[in-house]
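Here is what each chain is made of, one letter per residue.
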Amino acid sequence: MQPITMKWRGAEYTIPASRAFEIGERLERIVTIGEIGSWGEKVPFYTVARCYAEMLSYAGAKVTKEDVFTDIMSGLKGAASEGIPAVEAVFALVGCLMGGAPATDETETDTKTSAS
């Protein structure tokens, strides 16, 4: 597993690789990767906010799920916010839950191409 790095109101928080498994377990109690894959355009923003807040708290941030939800909604409405856009939160969530997954052929190809 890789370290998980997130941004919250101008600060960066990291969950070290040695603790990534535990946060993945916590998140799977809220939502599974299969459920995320079925969201399509119907993203449950309360669930995303809850998960991202859980990740941030685990990394040491003083944050509530309500704070994260407010910032996600502000970002969606186009309001000026130092918070996180919803897309970044979803990618962080998927990245955490997929942390132990094997690389795909595309990922391996991209890595080999960029390393050349």
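What you are looking at is a predicted structure, and each value in this text was computed from that prediction instead of being measured.

Right, let's talk about the packing of helix 3 (residues 45-58) against helix 4 (residues 65-76) for a bit. For the pair helix 3 and helix 4, the least separation of the axes is 8 Å and the interaxial angle reads 125°. In terms of their interaxial angle, helix 3 and helix 4 are classed as oblique. As helix 3 runs across helix 4, the sense of the crossing is right-handed. Contact residues: Phe-45, Tyr-46, Val-48, Ala-49, Arg-50, Tyr-52, Ala-53 and Leu-56 in helix 3; Lys-65, Val-68, Phe-69, Ile-72, Met-73 and Leu-76 in helix 4. For the contact of helix 3 with helix 4, the residue count by class is 12 nonpolar, no polar and 2 charged.

On to the environment of Pro-3. Turning to its location among the elements, Pro-3 is positioned in the segment before strand 1 (4-8). Classification of Pro-3 as partly exposed rests on a relative accessible area of 46%. Considered as a pair, Pro-3 and Pro-16 are 13 residues apart in the sequence and their alpha carbons are 4.5 Å apart. For Pro-3, the residues in contact, after removing those within four places along its chain, are Thr-14, Ile-15, Pro-16 and Ala-17.

The next thing to look at is the packing of helix 1 (residues 17-28) against helix 3. For the pair helix 1 and helix 3, the least separation of the axes is 10 Å and the interaxial angle reads 150°. In terms of their interaxial angle, helix 1 and helix 3 are classed as roughly antiparallel. The handedness of the crossing between helix 1 and helix 3 is right-handed. Contacts between helix 1 and helix 3 pair Arg-19, Glu-22, Ile-23, Arg-26 and Leu-27 from the former with Cys-51, Glu-54, Met-55 and Tyr-58 from the latter. In the contact of helix 1 with helix 3, the residues fall into 5 nonpolar, no polar and 4 charged.

Judged from the 5 bridges that link them, strand 1 and strand 2 (residues 11-15) form a sheet pairing that is antiparallel. For Ile-4, the partnering residue across the bridge sits in strand 2 and is Ile-15. Count of turn residues in the strand 1/strand 2 antiparallel hairpin: 2 residues, of which Arg-9 carries a positive phi of about 45°.

Attention now moves to helix 4. Taking 1.5 Å as the rise per residue, helix 4 with 12 residues should run 16 Å; its terminal C-alpha atoms sit 16 Å apart, in good agreement. One or two steps after helix 4, the chain reaches Gly-78, where phi turns positive at roughly 80°.

Thresholds, definitions, all that
Within every chain, residues take consecutive numbers counted from 1 along the sequence as written. Per-residue local features of the predicted model are confined to residues with pLDDT of at least 70, and side-chain atom pairs are confined, for both listing and counting, to 80 or more; whole-chain, interface and lining totals are unaffected and use all residues. Side-chain metrics rest on all non-hydrogen atoms present in the structure, leaving aside hydrogens and water. Only C-alpha atoms enter the line fits that serve as axes; for helices the fit covers just the stretch in contact. Angles between N-to-C directions range over 0 to 180 degrees. The helix and strand labels rest on DSSP assignments: H or I over at least four residues marks a helix, E over at least two residues marks a strand, and numbering proceeds from the N terminus. The cut-offs work like this: below 35 degrees is roughly parallel, past 145 is roughly antiparallel, 65 to 115 is roughly perpendicular, and the gaps in between are oblique. For any pair of crossing helices, the crossing counts as left-handed if the nearer helix is rotated counterclockwise from the farther one by less than a right angle, and right-handed if it is rotated clockwise. Every residue pair with non-hydrogen atoms within 4.5 Å of one another is taken to be in contact. Think of it as three bins: nonpolar holds Ala, Val, Leu, Ile, Met, Phe, Trp, Tyr, Cys and Pro, charged holds Asp, Glu, Lys and Arg, and polar takes everything else, Gly as well. Think of it in three bands: residues with accessible area under 20% of the maximum for their type are buried, residues over 50% are exposed, and the middle band is partly exposed, with areas taken using a 1.4 Å probe on protein chains only. At least two DSSP bridges between two strands are required for those strands to pair. Take the residue count of a helix, subtract one, and multiply by 1.5 Å to get its expected span.

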